[in-house]
Amino acid sequence: MWGGTNLKKFNLAIPSDNTGEAWLASAYGDDLSQIVNGPYQGQTLKQVWND
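What this report covers is the structure whose coordinates are included nearby. (Residues numbered from 1 in each chain as written. Predicted model: local features only at pLDDT ≥ 70, side-chain atom pairs only at ≥ 80, totals over all residues. Heavy atoms only, no water.)

1. Observations concerning the pattern of salt bridges
Right, so step 1: Inspection of every chain in the model, using the stated rule, returns one salt bridge.
Right, so step 2: Note that Lys8 and Asp17 form a salt bridge whose closest N and O atoms lie 3.0 Å from each other.
Right, so step 3: You can call Lys8 partly exposed: its relative accessible area is 44%. (Salt bridge = Lys/Arg side-chain N within 4 Å of Asp/Glu carboxyl O. Buried < 20%, exposed > 50% of the residue type's maximum accessible area, 1.4 Å probe, protein only.)

2. Comments concerning the side chain of Thr44
Right, so step 1: With respect to the helices and strands, Thr44 occurs in the loop between β2 (31-32) and α1 (45-50).
Right, so step 2: Judged by its relative accessible area of 14%, Thr44 falls in the buried class. (Helix = DSSP H or I, 4+ residues; strand = E, 2+ residues; numbered from the N terminus.)

Structural data, given as structure tokens:
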């Protein structure tokens, strides 16, 4: 209902032109984003938040 094509600007593989959201960073459930560089490299966002 409120989706569109704007997410294509981020070079995301969206499933349709009606996709309404994209989780670019997540600390929810099993969909954990991992930090790739810096002092927290290798940790997930959830680990850093909890620490």
